[in-house]
Structures are given as C-alpha cells and as structure tokens.
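Chain by chain, the residues run as shown.
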Amino acid sequence: MKKTFESLKISKSILKGLGEIGFIKPSPIQSKAIPVISSGANVVGIAQTGTGKTAAYLLPLFTKLVKAEGVDPRVVVLVPTRELSMQVGEDIEELTPYSDIRYAAVFGGIGWTKHAALIEPGIDILVATPGRLWDLHKTGYLSLKKVKYLVIDEADRMLDMGFMPQLRQIFEILPAKRQNLLFSATFSEKVEGMAQEFLDHFERVEVSKSATPARLVKQRLYKVPNYRTKLNLVRHLLENEEQFTRVILFAKTKEHAEGIFKVVKRKTEGEVRILHSNKGQSSRINAIKAFKDGEVRVLISTDVSARGLDASQVSHVINFDIPPRYEDYVHRIGRTARAGNKGVALTLVDPSEEWHLEKIEKLIRMEIPVNDIPEEVEIIPTEFDENQKQLREIDRQKKIDNPDYQGAFHEKKRKLSAKDMGKYTDKFKRTKKRQKRSKRRK
Ligand code: ADP
Ligand code: MG
C-alpha cells in the first residue's frame, strides 16, 4: 500500500507546505515511523543517511504540538554537532511555512548569551547539542519543565563522540513522563544499549540497509582508464556552466583532493574551493557557508571533511573516485537533490575500481547506468606506474574472490590486456583515430 502524507494524519497547516518543498510522498522510514510515533510509543528509528529521518520525527511532533504555546520548549531535539543543529533548524523552518510553531537551534562554540536571547521570547522546539543545552539550563535561561517529547538524533554519532555522560546528566533533569525518540543510521550494540538505558520500552522501526534515498538522484557512471583522463573529463564537464551550477567533487584522500584542486582551479570558471580537514574549524565553516550561499561553484572535498555539509541546490556530485567505504557513496550522493530538487551524481571509475563499484551496486540494489565519455574529452594512455598499480589492485581483488587464484601479475612490464581494459581499448583506439584525423585536417 502506498502511503500518502494525508493518510499519516499530518496536521493541515503542515500538509499545506509539503508539496511546495517537493515532499510528494513519504519516504519508507517516514511511512513506518510516523504512525508509531503518533501512537505515543517510544521509538527507535533506523535508516541510513539521506532517507528522511528528520521529517520522520518532526512531522508527527508538529502534529502533536498543534501550534505555538507557552514559553518553555515542549520538544527537545539533541544532536551531536553544530552543523546538524543548524541543519535541523533549517528543516523546521522549511517544513513550517504555514504553522506558527517556534524553534531555536543552539550549539557550542559561540557565546551562550546569544542563544539565551533566541529562546527568551518563547519556543516550542529546542534543537541543541548536549553541552549547549546544559549551559543554558545551568545559567537559568532554559526551563525543561514542559518537555514532553525528546529526540536523540544521530545516536550513533553521539556515542562515537563520547556524549554518554552528558546525556545521562540531561536525562536526570528532564520530566520523567515524556515520549522518547531515538534515530540512528546504524543499530549497533552500543546504540541498542543506549536505547535500553534511556528509552525503557520502545518500538524499533527499521528500513532495510539499502533503502532508496528520499529524493531522486540521477546516478551515472563514466568508465575512465586513468587519473589524467579523469581530470580531462571533469574539466570538460565543468565547462557546462548552465547545468553544473553547484558541484561537490569528492576525492578519496586529502592528497588526491589537492591534486585535483590544482588542476580544476586553473581551468574552471567560477570560484573553486577545497575543504581541508586539517585547516581550522572556522575556515571549514567559511568554505561551507560560501558554498551554500552560492559564492563557490565547485567544492572539492574528502568524505571526512564533508561531514555535516548539507547544501541545498547542489546540481551535481562528482565522485572522482570510488569511496573507500562503500556507505560513503550513499552519503556522497545524498548531498544532491535535496528537498525535491533534481540532482545528478556522476561517478568516475577506472578498471581497478570496477570491483568496488559492483559492491556498491549491491548495496544500493541497482545497476548504475553508464554514460559514454564525450567525444571532446581526450583519452590519455595509462602511464606505466598507474597501469602497474591498477593491475596489482585487480590481482588483489581476484585473490579475494578466489583464494586459489595464482595471480597473473608479475613484476614484469605488462600492459593491461585487452580483456582487462574491456571497453577502454575500443574507446582508446577511437580517440587515437580521431586525433589522427584532426591532425590530418590541420
Ligand atoms: P537523514 O536524516 O535520514 O540523513 P534527512 O532527514 O536529512 O535524511 O533527509 C534528506 C533529504 O531528503 C533532505 O534534504 C530532505 O529535505 C529530503 N526529504 C526528506 N523526506 C522527503 C520526502 N518525503 N520527499 C522528498 N524529499 C524528502
Ligand atoms: Mg539525520
């Protein structure tokens, strides 16, 4: 049965705005979790990143709150990071254009008086990192007496970041009679322990690990023989300024990101920036802000640096290479097509990455369609060192699949065989011909 938001009994003032932001139908976790949350049960919701967990708890809570009321918050949403606090705040803003429900999103790292001023006029929902909630309560600016609903979002990251002691402190001061919701991308033993400690009885709502992302992302592959040809392809794609308006380019390592940055920066229209994990937090936030504001057209990042980055209107995510952790593929492509905008995720794979690609396709339960490399892109022959590296990697993969496999690779000079190269060989020949042709013309 296909559920609709109407059938989930979301309040009218909220329903009215959903279509406008591209929420046409509930995502799987939303269909499953919303009725249970509405029933009043404690809920543990598990679904991977990008599947719409935020609205899964916000929508039924808005319905319960009905409208703005009193001064002290009735809902507290605890989140692990500053970026996430801001993000959930923005989500509330987006989901409530026709409702008078008030909220504040607070986090550590800046003076708390500013946040005290935000909650002072009265709020219905407080989104907070644990430390900041504690500050505001200690200093007497925040009363938690009216809290009826508590959400712990990204519980797995809360645990990773060592928030347990702070959470215990907070639970001591919350009214005992309340509904608890815990959301997480993963359900580990630790998360289960946390749920048992804080939630007492709960219902677990889970959607399969490879649930489709909430929004529509058009995914495509390019099979590219080597690094330098990947660079050529990226440069060519970025020449299309009309479509590639806001692009995140992912690389697997910092060094890789640097290398790509140097080339792309020189050859591309518009501002290009790189997100460094080793530069200060403020420069990271500046770069993310400039990108969100549309001042930066191309942002180059590693998986680690892009944590918490949720820019709307990202037109394209380009995976320069396959992410070393397969789940990161879903995280990466989740940056595009936010809130119903159409987005495109392009992944560049060389021969040694195809094995990993297969694993990702298993994870997302789909085969990603392959695009041809555009005629204009020059295909460069694979250099000796890179060729050797690719062959070695392919050998390693074959050995994993088949422990008896002897290994075809010897430390001799050996080019990729036609079979190893697959399509690449044909493509390569074609390009050579074309180059000759164009030379002749000249
Ligand atoms: P998660 O918390 O599971 O990682 P989010 O709640 O951040 O995912 O949602 C990811 C994106 O999907 C957000 O940009 C959100 O606006 C969008 N989204 C959520 N639910 C829907 C829906 N039902 N229809 C369309 N877009 C949705
Ligand atoms: Mg989330």
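The structure under discussion appears in the preceding block.
All residue numbers refer to position in the chain's written sequence, counted from 1. Chain letters and ligand numbers both follow the written order, the letters beginning at A and the numbers at 1. Reporting of local features is limited, given that this is a predicted model, to residues whose pLDDT is at least 70; pairs of side-chain atoms are given and counted only at 80 or more, and all residues count toward the totals for whole chains, interfaces and linings. Side-chain metrics rest on all non-hydrogen atoms present in the structure, leaving aside hydrogens and water.

J.: Talk me through the overall build of the protein; I want residue IDs and the actual numbers.
T.: Secondary structure elements are defined from DSSP: runs of H or I of at least 4 residues count as helices, runs of E of at least 2 residues count as strands, and each element is numbered from the N terminus. Across its full length, the protein carries 17 helices and 14 strands. Here's how the labels work: a residue is buried when its accessible area is under 20% of the maximum for its type, exposed when over 50%, partly exposed in between, all with a 1.4 Å probe on protein chains only. Each of the 442 residues in the protein was classed as buried or not, and the buried ones make up 52%. Taking the contacts inside the protein whose residues are at least 6 apart along the sequence as the reference set, 76% of them involve residues at least 24 apart. What sets the accessible areas is the Shrake-Rupley method with a 1.4 Å probe; for residues, cover comes only from the shown protein chains. A total accessible area of about 21,800 Å² is found for the protein, and carbon and sulfur atoms account for 50% of it. The contact definition used throughout considers only heavy atoms, calling two residues in contact when any of these lie within 4.5 Å.

J.: Go over the sheet that holds strand β3 (residues 103-106) with me, naming the residues and quoting the values.
T.: Strand pairing within a sheet occurs via backbone hydrogen bonds; the two strands may be parallel or antiparallel. Reading across the sheet, the 7 strands line up as β3-β4-β2-β5-β6-β1-β7 and stay open at both edges, with parallel pairing between neighbours. Looking along the sheet, the strands with just one partner apiece sit at the ends: β3 and β7 (203-206). Strand-to-strand twist in this sheet, taken as the mean axis angle between neighbours without regard to direction, amounts to 15 degrees. A pair of strands is considered paired only if DSSP assigns at least 2 bridges between the two. Where β3 meets strand β4 (residues 125-128), 4 bridges bridge the pair, whose relative direction is parallel. Residue pairing in the sheet places Tyr103 in a bridge with Ile125 of β4. Lying over the sheet, helix α3 (residues 53-65) contacts β2 (75-78), β4, β5 (149-152) and β6 (179-184), oriented at roughly 160 degrees with respect to β6. Between N-to-C directions, angles span 0 to 180 degrees; the directions come from axes that are lines fitted to C-alpha atoms, helices contributing only their stretch in contact.

J.: Give me the pattern of salt bridges: which residues, what numbers.
T.: Salt bridge, as used here: a side-chain nitrogen of Lys or Arg that lies within 4 Å of a carboxyl oxygen of Asp or Glu. Evaluated as defined, the whole model comprises 16 salt bridges. Arg204 serves as the salt-bridge partner of Glu206, at 2.6 Å between the closest nitrogen and oxygen. Here Glu206 falls in the partly exposed class, since its relative accessible area comes to 34%. The partner of Arg396 in a salt bridge is Glu393, and the shortest N-O contact between them spans 2.9 Å. Of this pair, Arg396 and Glu393 both sit in helix α15 (residues 384-401), 3 residues apart, which is roughly one turn of the helix. The class of Glu393 is buried, set by a relative accessible area of 18%. One continuous salt-bridge network, built from bridges that share partners, spans Glu69, Arg74, Arg102 and Asp124.

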